[in-house]
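Chain residues, written in single-letter form:
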Amino acid sequence: MKIKSKEYSYIIRAFQLAYTLFQPIVGWFIDVIGLRVGFAIMVIIWSIMCILHAGAGTWFQLAILRFFMGGAESVVAPANAKVISLWFPKKERAIANGWSMVGFSLGAMIAPPLIYAIHQFGGWQLAFLIPGSVGLIWAGIWLYFFSEPSKSRSISEAERKYILSDQDDTESQQNKNIWQAIKKVILQKKFYGIAIPAFLAEPAWAAVNFWVPYYLLTERGMQLKEMAMFVWIPFLAADFGGLSSGYFSRMLNKRFNLSRVNAACVTYLGAAFFMLSMVFASLTQSPYAAIASFICKACKIFSWSSSHFFR
């Protein structure tokens, strides 16, 4: 199946539209139904949509499947935040979130060479069938092993007390009326401290995720094998950025006596300067120099990690 640039943009737009619209809905959903079961349901939906990609014959069918896949995948951010808020006291959440970002970037780093190998072995359909099947297996593992700290048998009583000693009031998180829940959130000032930087940063990161491979293929003349060898490197840099953010904010907090909020603001500012490196990709003739500029951008100090200081 050959897809033109315009059609590809529609497919990407369908995914991002669903990801945006469904994120607060699925966040509310896992609050009400529970993280363990709610997250598993969304992963199962994601896996089924991924498997169905193998049967798509037109770009429009792909766009529909990507829409539903994006809606299911939008659970990742709220579920990740909820796991961290449940399993870590407030003072450790920024660093914990930095380490969780390693998981996201590690998956994106492994994906290009792995998907290329699957594609060479069994065709593009298999590149959707295998990840979808793995997702179904992962959902079963999650259901079997995950539990909240208050109910977990894998930690000691001392660890449980430490985790629960500095937690948020969970009553406000169980509002079963979605409109009341959304209204309560948008009336809080700290919501905008998280949402505005994320709104400004996400388009750049989405460009790395969705458009850089297509750009290297169509504008830089890279072959699929070359892309598999190099396109993972920005995500390795993102691992470094994700890890450094929490420690950097803590250092500002301790060494320069900045408040958690001010330390987070400085971290955001540093991330913004790193993101400017993408401009240089259009000024170089070498595809490898362009990749280097994407690496600098990906190495930005992740604002997601420092956003947990606003909790």
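Residues numbered from 1 in each chain as written. Predicted model: local features only at pLDDT ≥ 70, side-chain atom pairs only at ≥ 80, totals over all residues. Heavy atoms only, no water.

**Remarks on the overall build of the chain**
Moving on, step 1. The secondary structure content of the chain amounts to 14 helices and zero strands.
Moving on, step 2. Going from the N terminus to the C terminus, the chain shows its helices and strands as α-α-α-α-α-α-α-α-α-α-α-α-α-α.
Moving on, step 3. Among the 311 residues that make up the chain, the fraction classed as buried is 40%.
Moving on, step 4. A separation of at least 24 residues holds for 78% of the contacts in the chain among residues at least 6 apart in sequence.
Moving on, step 5. Accessible surface, the chain as shown: approximately 17,200 Å² in total, 69% of it carbon and sulfur. (Helix = DSSP H or I, 4+ residues; strand = E, 2+ residues; numbered from the N terminus. Buried < 20%, exposed > 50% of the residue type's maximum accessible area, 1.4 Å probe, protein only. Contact = heavy atoms within 4.5 Å. Areas by Shrake-Rupley, 256 points an atom, 1.4 Å probe, with all protein chains shown as cover.)

**So, the pattern of salt bridges**
Moving on, step 1. Scanning the model with the defined rule gives two salt bridges in all.
Moving on, step 2. Between E157 and R160 there is a salt bridge, with the nearest N and O atoms lying 3.3 Å from each other. Residue E157 and its partner R160 are located together in helix 7 (residues 157–164), separated by three residues, close to a single helical turn.
Moving on, step 3. Residue classification places R160 among the buried residues on the basis of a relative accessible area of 14%. (Salt bridge = Lys/Arg side-chain N within 4 Å of Asp/Glu carboxyl O.)

**Looking at unusual backbone geometry**
Moving on, step 1. One non-glycine residue, N257, lies in the positive phi region at around 60 degrees.
Moving on, step 2. Its place among the elements puts N257 in the loop between helix 11 (233–255) and helix 12 (260–275).

**Description of the packing of helix 2 (residues 35–52) against helix 6 (residues 126–145)**
Moving on, step 1. Running from N to C, helix 2 and helix 6 point in directions that differ by 165 degrees, and their axes come no closer than 8 Å. Classified by the angle between their axes, helix 2 and helix 6 sit roughly antiparallel to one another. Like other packed secondary-structure pairs, helix 2 and helix 6 cross with a definite hand, here left-handed. Along the contact surface, helix 2 presents L35, R36, V37, F39, A40, V43, I44, W46, S47, C50 and I51, while helix 6 presents F128, L129, P131, G132, S133, G135, L136, W138, A139, W142 and L143. (Axes fitted to C-alpha atoms, helices over the stretch in contact; angles between N-to-C directions. Parallel < 35°, antiparallel > 145°, perpendicular 65-115°, else oblique. Left-handed = near helix turned anticlockwise from the far one by under 90°.)

**Observations regarding the side chain of N80**
Moving on, step 1. Positionally, N80 belongs in helix 4 (residues 76–87).
Moving on, step 2. Here N80 falls in the buried class, since its relative accessible area comes to 16%.
Moving on, step 3. Apart from the residues within four sequence positions on either side, N80 is in contact with N97, S100, M101 and F104.

**Topic: the nonpolar core**
The nonpolar side chains of soluble globular proteins are, as a tendency, buried together.
Moving on, step 1. In this structure, L35, F39, V75, A79, W87 and W142 are the most contacted members of the largest nonpolar core, which totals 17 residues.
Moving on, step 2. Of all the elements in the fold, those that place two or more residues in this core are helix 1 (5–33), helix 2, helix 4 and helix 6.
Moving on, step 3. Considering each element in turn, this core owes the most residues, five residues, to helix 2.
Moving on, step 4. What L35 contacts, discounting residues up to four positions off in sequence, is I30, A79, K82, V83, L86, W142 and F146.
Moving on, step 5. Of all hydrophobic cores here, the second largest spans nine residues; its members include I11, A14, M49 and C50. (Core = buried A, V, L, I, M, F, W, Y, C linked by side-chain atoms within 4.5 Å.)

**Here's the deal with the packing of aromatic side chains**
Moving on, step 1. Inspection of every chain in the model, using the stated rule, returns 11 aromatic pairs.
Moving on, step 2. A ring pair is formed by W59 and F60, whose centres lie 6.0 Å apart and whose planes are at 90 degrees; its orientation type is edge-to-face.
Moving on, step 3. Judged by centre distance (4.9 Å) and plane angle (80 degrees), the ring pair of Y144 and F145 falls under edge-to-face.
Moving on, step 4. Overall, the relative accessible area of 69% leaves Y144 in the exposed class.
Moving on, step 5. Clustering of aromatic rings is evident, with ring pairs tying together F39, W138, W142 and F146. (Phe/Tyr/Trp six-rings, centres within 6.5 Å; stacked < 30°, edge-to-face > 60°.)

**Describing a positive patch on the surface**
Moving on, step 1. Together, K91, R250, K254 and R260 make up a positively charged patch on the protein surface.
Moving on, step 2. Note that R260 resides in helix 12.
Moving on, step 3. You can call R260 partly exposed: its relative accessible area is 33%. (Patch = residues over 30% accessible without salt bridge, like charges linked within 9 Å, V, L, I, M, F, W, Y side chains within 5 Å. Lys, Arg positive; Asp, Glu negative; His and termini not counted. Charge placed at Lys NZ, Arg CZ, Asp CG, Glu CD.)

**With respect to helix 6**
Moving on, step 1. With 20 residues, helix 6 should reach 28 Å at 1.5 Å per residue; the first-to-last C-alpha distance of 29 Å fits that figure.
Moving on, step 2. Listed as buried for helix 6 are A127, G132, G135, A139 and W142. Buried residues along helix 6 cover an arc of 115 degrees about the axis, so they all sit on one side. In helix 6, the exposed positions angled more than 90 degrees off the buried face are occupied by I137, Y144 and F145.
Moving on, step 3. Against the buried residues of helix 6 lie helix 2, helix 4 and helix 5 (93–122). (Expected span 1.5 Å × (residues − 1). Arc of directions from axis to C-beta.)

**What to know about a nonpolar patch on the surface**
Moving on, step 1. Together, V185, I186, L187, Y192, I196, F199 and L200 make up a nonpolar patch on the protein surface, roughly 740 Å² of accessible area in all.
Moving on, step 2. For the nonpolar patch, the secondary-structure elements that each account for two or more residues are helix 8 (178–186) and helix 9 (189–218).
Moving on, step 3. Here V185 lies in helix 8.
Moving on, step 4. By relative accessible area, V185 is classed as partly exposed at 37%.

Remember, this is a structural readout, not a statement about activity or role.
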